Amino acid sequence: MIPSLALRRKTLAARFPWFEGSLSALSASLVFFLASLIFFALLGRSPFLLFGELLSGSLGSTYGITETLVKTIPILLCALATALPARLGLLTVGASGQFYMGAWCGTAAVLLFGSSHWAAMPLMLLAAFAGGAFWGLVPGFLRAKLEVNETLVTLLLNYVASLLVDWVVYGSWRDTSNLGWPATISFPEWVKLPFLVHGSHLHSGLILALAIAVALHVVLSRSRWGLSLRILKSNRKLGEGVGFSWTGNVALVMGIGGAIAGLSGILETSCIHGRLESGIALNFGLTGFLVAWMAGQHMIRIIPLAFVMGALLSSGDALQLYAQLPEATAVVLQSILFCSVLATGGFLRRGRTP
Amino acid sequence: MKGITKRFGELAANDQVDLDVGEGEVVALLGENGAGKSTLMKILYGFQSPDSGTIEIEGKPVRFSSPRDAMAASIGMVFQQFSLIPALTVRENLQLAYPDLPMVPARGGGRDERLLSHLERLAPDLDPSALVADIPVGQMQLVELAKVLNLEALLVILDEPTSVLTPIETKGLHERVRQLAREGRSVILITHKFEDVSSCADRVAVMRHGKMVENRTAAGLGARELSSLMVGGAKVVPAVRVPPPTREVPLLEVRGLTAGDVFSSVSGIDLMLAPGEILGIAGVSGNGQDVLGACVAGMREVASGEVLLEGVAVQRGNGGVPDPTVVGFIPERPSVNGVAPDLDLSVNLALKGIPRLPFWMAGRKPSAAESLPLLEAYDVRPRDPSRRARDLSGGNLQKLVAARELSGARKLVVACYPTMGLDLSATQAVYARLFAHAQAGAAVLWISEELDDLLRFAHRISVLSHGKILGTVAAEGADRNLLGRWMMGAAA
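Every chain begins its residue count from 1, and numbering advances along the sequence as written. Lettering of chains starts at A and numbering of ligands starts at 1, both following the order in which they are written. Reporting of local features is limited, given that this is a predicted model, to residues whose pLDDT is at least 70; pairs of side-chain atoms are given and counted only at 80 or more, and all residues count toward the totals for whole chains, interfaces and linings. Side-chain descriptors were evaluated using all non-hydrogen atoms of the structure, hydrogens and water having been removed beforehand.

A.B. asks: Sorry if this is basic, but what is going on with the interface of chain A and chain B here?
C.D. replies: By a widely used convention, the size of an interface equals the accessible area lost when the partners come together. Residue contacts are defined here by distance: any two heavy atoms, one from each residue, within 4.5 Å place the two residues in contact. Across the boundary between the two partners, chain A contributes 18 residues, which contact 25 residues of chain B. Here chain A meets chain B over a buried area of about 1900 Å², counting both sides, of which 67% is carbon and sulfur. What qualifies as a polar contact is a pair of N or O atoms within 3.5 Å, subject to a donor-acceptor requirement within protein and to the restriction that residues adjacent in sequence count only when both atoms come from side chains. Summed over the shared surface of chain A and chain B, the number is eight residue pairs in polar contact (both at pLDDT 80 or more). A run of H or I in DSSP becomes a helix once it reaches four residues, and a run of E becomes a strand once it reaches two; helices and strands are each numbered from the N terminus. Every element with two or more residues in the side of chain A that touches chain B is listed here: helix 8 (205–222), helix 9 (224–234) and helix 10 (236–242) of chain A. No other element matches helix 9 of chain A, which puts six residues into the side of chain A that touches chain B. Buried area is calculated as the accessible area (1.4 Å probe) missing from two parts once they are joined, with the contributions of both summed.

Dropping the structure here:
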């Protein structure tokens, strides 16, 4: 970078704490916009019309906005589930497996206790927490006690969890009245969280997810525990030497992270699909993972990024419907966004004087 | 180099510095930590460009914008932190740096001979197919040097080459440096050790606060004169010897300590320290010092044995409960073992107290107000509590860890090479604070390679060799030859 420009950037950054953040957000958006224009042009369509379609599809109507927010919830929760272990330096890709285990265990609770109006929902949520947490604790235990790489274990457990769900929805939990469609019985109304906008899918899980993000942020930045995670991440031996437990903290972050992903699983199952089906995790786990890393594991920065991802996903439906573009278009746009954010981030960091 | 000036913000790291080096001449570049030696050399090596001033080689002005340019002008530099790849063999490391290496390097043949010729002269007994991870630090340095010489460097810069070497390795390196000079190569030796100057330098250049304050021949220069040149008007306050304890009540007892791994281990260590006693552990580094220190301090798990502090087991593992609040521990290589590099200096200084903070730290968060006096007292630079530990130089990290471990009341202090990389006055300052704990009644276990310092300040000296204590003597009137034999591994 030109010296005088770099210098000016430094003084600006010193005066305005938000300067660096907005600079990277702005430049990433610009790169994303330009790259998407090229992509649309390659499709042989007018890029500006398609952009209009994209925006109006995701944000242009009440329906669009609620759909965007609906998609934001699981992405946000899965991102939080990834970011928390990352605060201890653990790289997990297991959100989707924990999502399925939450859905699986929560559904089991509904099948067992669904008839009880007052107990069904709390039991369902508790079971989902437990299931997700368990699916996080297994790789956590292997990592803490046996130094087994947590990334590989969480990756493989994703397949196990999704197959477990398939096993029950094709098997013993299948509702025969579905005429062969692999799904459980429809959940009773009383296990669904209250909906925020009448007639839409938007449920109060959104508020729950936002509250979890804020709570995590406050605890991580204000508490001794948050500081101890940073110390252990930076130098594990030293942290253990002054009295912090590595094993205990691995269990905590993996367990809590898993429980959060498990919550997203049962919310999708009960509030969106209304029953357990195959393949409900879509790409939420992976998208959440990328959102967490784009946000630098910052619990608050995750929120807007999850929203943008939600918008892209929901506009994918619009592109498919109105512009007759294949469904994969949204996925391509999503990857363009990731690449823009990561590349501009790296580029800007290079210009920063150490 | 003429009139070199380099500023970092307000600070002039180099202020109108002149330096010239003749053919076949060894120049020792001296100065305290932060005097500007490294900056000057980084400019010469093309890492940084000067704000003003010129560099001339054989009368022709040159401008380096990267080390590549400097290498092309036959300047090579060996850094304190080596740039070797531990997982590769010595030969492979040399090949990596060799110019015009073919895609598939053939073994043997003339090329291999040329590749290894410098190394063979520097370290005849080093096996080129050994993994770099497995060879001692002193040999790594020679491999680095061979790498530089392979590039046909005519001017070689060595950055504090002897700070990580054992006395024997140091002597070897001095000989190599003289040898280079005889071949007509020029050498710049960054150092703050007197013995480096006396045994191989032709000329001495001294820097202080960014200025070149002295440039004269090395012959006839005494240690006292040299140290006063380095610190200028400021006087080095030598540490005071603490009188040995009068009563033999054990405060610290180490019983049958066995621990370690394939790289470094100790076995069957028995020690006993009275309150106020300083026990020096002498020995060539790499004989289990790191394991011994970390285990006694309760930082590392023991395989068997006990560490009893006032009769209470404080070792990690084997039923002990470590108590970091009453134990001060300066580990070897503080950059790796002593700090959380990604956290700021405040947190690093407050580290020992953090587990006892309330869950919501609120007003008791580690703060700049608490850490500034400590940074001040131990002369840690930069004095900025918000900087990350990662940004500090080796010497300043050493001071930072000393500041944390030596401030506050301690019952036991374990110090592994506590003055590594420190200049004269900082060394004495750390000694003074270390021994003050003995004065206050703590047991001090002091692991060092500086036999002179051990003999001067410790009460008793034990020699560690191959993970075992070979013998213990009172420091006063100790027989150097006996200690030396023990250090070489000869049993008592």
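A.B. asks: Explain helix 13 (residues 394–406) of chain B here, please?
C.D. replies: Along an α-helix, a turn takes 3.6 residues, which lines up residues three or four apart on a common side. Residues and elements named next belong to chain B. Compared with an ideal rise of 1.5 Å per residue, which puts 13 residues at 18 Å, helix 13 spans 18 Å between its outermost C-alpha atoms and is within 8% of the ideal. Counting buried positions along helix 13 yields twelve of 13 residues, so the element is predominantly enclosed. Burial classes: relative accessible area under 20% of the type maximum marks a residue as buried, over 50% as exposed, and values in between as partly exposed (1.4 Å probe, protein chains only). Looking at helix 13, one finds that the buried residues are Gly395, Asn396, Leu397, Gln398, Lys399, Leu400, Val401, Ala402, Ala403, Arg404, Glu405 and Leu406. Immediately beyond the C-terminal end of helix 13, within one or two residues, lies Gly408, with a positive phi of roughly 95°. How far a helix is expected to stretch is found by multiplying one less than its residue total by 1.5 Å.

A.B. asks: Looking at this structure, how should I read the sheet that holds strand 17 (residues 412–416) of chain B?
C.D. replies: Hydrogen bonds along the backbone pair up the strands of a sheet, which may run parallel or antiparallel. All names here are of chain B. Here, strands pair whenever DSSP counts at least two bridges between them. Pairing within the open sheet is mixed, and its six strands lie in the order 16-17-18-13-19-20. Two strands close off the open sheet at either side, each with one partner strand: strand 16 (327–330) and strand 20 (468–474). Neighbour-to-neighbour, the strand axes of the sheet open up by a mean angle of 15°, direction not taken into account. Examined bridge by bridge, strand 13 (residues 278–282) and strand 19 (residues 460–465) share four bridges and lie parallel to one another. Residue pairing across strands places Ala282 opposite Val463, the latter belonging to strand 19. Fitted lines through C-alpha atoms give the axes, limited to the stretch in contact for helices. The angle between two N-to-C directions lies from 0 to 180 degrees.

A.B. asks: Which parts of the structure should I look at to understand the nonpolar core?
C.D. replies: Nonpolar side chains in soluble globular proteins generally cluster together in the buried interior. Only buried Ala, Val, Leu, Ile, Met, Phe, Trp, Tyr and Cys residues count toward a nonpolar core, and they belong to the same one when joined by side-chain atoms within 4.5 Å. In terms of nonpolar packing, the biggest core is built from 106 residues, with Leu80 and Ile302 of chain A touching the most fellow members. Per-element accounting of this core gives the leading share, twelve residues, to helix 4 (residues 62–86) of chain A. Filtering out sequence-adjacent residues up to four positions away, Ile302 of chain A remains in contact with Leu76, Ala79, Leu80, Ala83, Val291, Ala292 and Ala295 of chain A. Core analysis: the next-biggest nonpolar cluster, separate from the first, contains 43 residues, Val242, Ile278, Val339 and Ala458 of chain B among them.

A.B. asks: Help me out: how do you make sense of the side chain of Asn396 of chain B in this one?
C.D. replies: Within the secondary structure layout, Asn396 of chain B lies in helix 13. In this structure Asn396 of chain B touches Asp379, Val380 and Arg381 of chain B, once residues within four positions along its chain are discounted.

A.B. asks: Before we go on, may I ask you to explain the sheet that holds strand 15 (residues 312–313) of chain B in this structure?
C.D. replies: Residues and elements named next belong to chain B. Reading across from one edge, 12-11-14-15 is the order of the four strands in this open sheet, with antiparallel pairing throughout. Each having just a single partner strand, strand 12 (265–273) and strand 15 make up the two edges of the open sheet. By the bridge criterion, five bridges tie strand 11 (residues 252–260) to strand 14 (residues 304–309) in an arrangement that is antiparallel. Paired with Thr258 across the bridge in strand 14 is Ser304. Its contacts with the sheet place helix 9 (residues 289–296) against strand 11, strand 12 and strand 14, and it is angled at close to 130° to strand 11.

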